[in-house]
Amino acid sequence: MIQKQLFDQTVGKLLMFFISLLFLLSCKTEMKNKVESPVPSIIRTNFGTTKNNEAVYQYTLKNRKGMQISILNYGGIITSWTAKNRKNEFDDIVLGFDNFTDYENKNPYFGAIVGRYANRIEKGTFELNGTQYQLPVNDNTNHLHGGLKGFDKVIWEVNTLKKDSMVGMELSYTSPDGEEGYPGNLNVFVTYALNDDNELSVTYKATTDQSTIVNLTQHSYFNLSGDFNKEILDHEVVLNAASFLAVDATLIPTGEIKNVKGTPFDFTAPKKIGRDITIEDPQLKFGLGYDHCWVLTDQSSENKFVASAYDPESGRMLEVYSTEPGVQFYTGNFLDGSLASKKGGFYKHRTGFCLETQHFPNAPNEPAFPSTVLNPNEVYESQTTYKLSVIK
Ligand code: GLA
C-alpha cells in the first residue's frame, strides 16, 4: 500500500516535471519567434493601376532577421528596404515614393530594373552586323536607360520563391523585336533572392532570337542614414577600381580609361563622398558630381567585391559584389528638391547614391570595351549581391 502511494507520488512528480519542461520550452520558442520571424515570408498587396489599366502589386519579402524588401511587378522596382542601425532599429534605406502615380509619372529610376541598355548610348545609334539601329534619344543628345519606355516602366510576370533560408521573386518579361528600337525578341528573367544573412542577390538572365545588345542593372538610390533629408556626403565609400571612364560634357565615355591616382575619383581606400566632390575638376563638372563608370580592378566574371558604403552615424554598411566589369557611381546630382519623399519633405541634391553594376556605357560604339552583344543560342547572365550589416 505504502509502496503504491510512493510509486503514485513519484509518477505524479515526474509528470509535473515533464509538463513544466514542455511549458518552458514552448515559452522559449515563442520568445525567440518574437525577435526573429519564424520563417521567411512574402506578402502581396495592391499598389495601384497603370494608365493602361494593369494591376500593380507590391511584394514584401521578409527574412528571419526581420529585414523587409518591397518590390513591384512594375519595373521590378524596390520601393523600400529596411535595415537595422547600431541601436537595432530598422529604417528604410532606399529612396522612393509612397504612391504609384509618382512612380509612373516622374521616377528618376528609383529602385528600378534598367534595360535593355543601362546607361548611355551616344546619339542613340549603333551598328550591329552591318545594320545601323536608331534608338530614342531621351537624355540630351543620347539614349539613356533603355529609352522612353524601358524595363523600369513595364509590367513583369512574377513567380514567388520560398526556400528554407531564402525568400524571393522571379520576374520575367518578353521585350518584343523592335521595342524602343532594339532588334530581337528578348526574354528576360530577373530573380531577387533575400537570405537570412541580409544579402539580396539579383540574378539576370536573357536570351534572344536575333543579335542584340543587353546591359541590365538595378538602380536603387541608397541613403544608409535612413534620413532622406540628409545628404549622403558623410558616407564612406570604397570602389574596387584603379581607373574610371573619362566622359565628355554629355556623359559619354571619351574612350580614355583614366587612372584614379591623384584624382577626386580615387576611392581605393575608404573616403567620404563629400571629401573631393567640390574640387574644381572638369570630369566632376560634367557629372555635376560623381556620375561615372569605374573600371573594376578585377575584370573576371566572378561575383567579386565591387564597392562598399558605410554611414558612420547609424553604423550601417552596404557591400556590393558583382559579376559585372564596371560600376556607375552616381551621387544623386540631378535630385533638385522637386520630388516628394515617402518620408515627408522633398528629395534634395545628393540625398541618395547609386552603385549601378554594369557593362560600360556606349560599349556598342567602343570596340575596345567588353562586348554587350547577345546572339541567339547564347545566354546573358549576370549577378549582383548587396549585403547589409552593422559596424558596432
Ligand atoms: C544614372 C545616370 C545619371 C542619371 C541617373 C538618373 O545614374 O548615369 O546620369 O541619369 O541615372 O537620374
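Our structure's up above, just so we're on the same page.
Cut-offs applied
Residues numbered from 1 in each chain as written. Predicted model: local features only at pLDDT ≥ 70, side-chain atom pairs only at ≥ 80, totals over all residues. Heavy atoms only, no water. Helix = DSSP H or I, 4+ residues; strand = E, 2+ residues; numbered from the N terminus. Buried < 20%, exposed > 50% of the residue type's maximum accessible area, 1.4 Å probe, protein only. Contact = heavy atoms within 4.5 Å. Areas by Shrake-Rupley, 256 points an atom, 1.4 Å probe, with all protein chains shown as cover. Lys, Arg positive; Asp, Glu negative; His and termini not counted. Charge placed at Lys NZ, Arg CZ, Asp CG, Glu CD. Salt bridge = Lys/Arg side-chain N within 4 Å of Asp/Glu carboxyl O. Polar contact = N/O pair within 3.5 Å; in protein donor to acceptor, adjacent residues only side chain to side chain. Pairing = 2+ DSSP bridges. Near = heavy atom within 4 Å. Nonpolar A, V, L, I, M, F, W, Y, C, P; charged D, E, K, R; others polar. Core = buried A, V, L, I, M, F, W, Y, C linked by side-chain atoms within 4.5 Å.

(A) Structural view of the overall build of the chain. Secondary structure assignment for the chain yields 3 helices and 27 strands. Out of the 392 residues in the chain, the part that is buried amounts to 53%. At a minimum sequence separation of 6, the contacts of the chain that also span at least 24 residues come to 66%. Carbon and sulfur atoms form 54% of the exposed surface of the chain, whose accessible area is close to 17,600 Å². Placing the 37 positive and 46 negative side-chain charges of the chain at their respective mean positions leaves the two points 9 Å apart.

(B) Focus on the side chain of Glu180. Structurally, Glu180 is set in the loop between β12 (166-175) and β13 (186-195). Among buried charged residues, Glu180 stands out as having no salt bridge; its nearest opposite-charge side chain is Lys149, 7.8 Å away. Here Leu148 takes part through its backbone nitrogen, which lies 2.7 Å from a polar atom of the side chain of Glu180. In terms of polar contacts, Glu180 uses its side chain to reach the backbone amide nitrogen of Lys149, at 3.3 Å. With residues up to four places along the chain from it excluded, the contact list for Glu180 reads Leu135, Pro136, Gly146, Gly147, Leu148 and Lys149.

(C) Here's a closer look at the sheet that holds strand β27 (residues 380-390). Taken in spatial order, the 9 strands line up as β11-β12-β13-β14-β27-β23-β22-β17-β20 in an open sheet, and their pairing is antiparallel. At either end of the open sheet lies a strand with only one pairing partner, and these are β11 (157-163) and β20 (271-272). Direction of pairing for β13 relative to strand β14 (residues 199-208): antiparallel, over a ladder of 9 bridges. By the bridge assignment for β14, Phe189 is matched with Lys205.

(D) Representation of the site of the ligand in the model. The environment of the ligand is formed by Pro108, Tyr109, Arg120, Leu144, His145, His219, Tyr221, Asp291, Gln328, Tyr330, Phe334 and Glu356. Arg120 is positioned with one of its side-chain polar atoms (N or O) 2.5 Å from an oxygen atom of the ligand. One of the side-chain N or O atoms of His219 is found 2.9 Å from an oxygen atom in the ligand. When the ligand sits alone it has 300 Å² of accessible area, and the protein chains cover 95% of it. Of the residues that constitute the shell around the ligand, the class distribution is 6 nonpolar, 3 polar and 3 charged.

(E) Summary view of the pairing of strand β2 (residues 55-62). Bridge analysis of strand β1 (residues 41-49) against β2 gives 8 bridges, and the strand direction is antiparallel. Bridge pairing links Ile43 to Thr60 in β2. Counting the residues in the hairpin turn of β1 and β2 gives 5 residues, including Asn53, whose phi is positive at 70 degrees. Across 5 bridges, β2 lies against strand β3 (residues 68-72) in antiparallel orientation. Residue pairing across strands places Tyr59 opposite Ile71, the latter belonging to β3.

(F) Geometry of the nonpolar core. Within the largest apolar cluster, 59 residues are counted, with the highest numbers of intra-cluster contacts made by Trp81, Trp294 and Phe329. Among the elements that take part in this core, β13 stands out by supplying 5 residues, more than any other. The contact partners of Phe329, leaving out residues within four places of it in the chain, are Val237, Leu239, Phe267, Ile273, Tyr290, Asp291, His292, Trp294, Phe353, Cys354 and Leu355. Ranked by size, the runner-up nonpolar core spans 18 residues in total, among them Ile77, Leu95, Tyr221 and Tyr347.

(G) Molecular detail of the environment of Gln358. Along the chain, Gln358 falls in strand β25 (residues 354-358). C-alpha separation for the pair Gln358 and Tyr221, spaced 137 residues apart in sequence, amounts to 16 Å. Sequence-distant contacts of Gln358, defined by excluding residues within four places in its chain, comprise Asn119, Asn215, Thr217, Glu324, Pro325, Gly326 and Gln328. A polar contact is formed between the side chain of Gln358 and the backbone oxygen of Glu356, at a distance of 3.2 Å.

(H) Here's a closer look at the pattern of salt bridges. Here the structure, examined in full by the defined rule, presents 15 salt bridges. With its nearest N and O atoms 2.8 Å apart, the salt bridge here joins Arg120 to Asp139. Within this pair, whereas Arg120 is found in strand β7 (residues 120-121), its partner Asp139 is found in the loop between β9 (131-134) and β10 (143-144), the two being separated by 19 residues in sequence. Take Arg120: its relative accessible area is 5%, and that puts it in the buried class. For Lys285, the salt bridge goes to Glu280, with nearest N and O atoms at 3.3 Å. We note that Lys285, like Glu280, is exposed.

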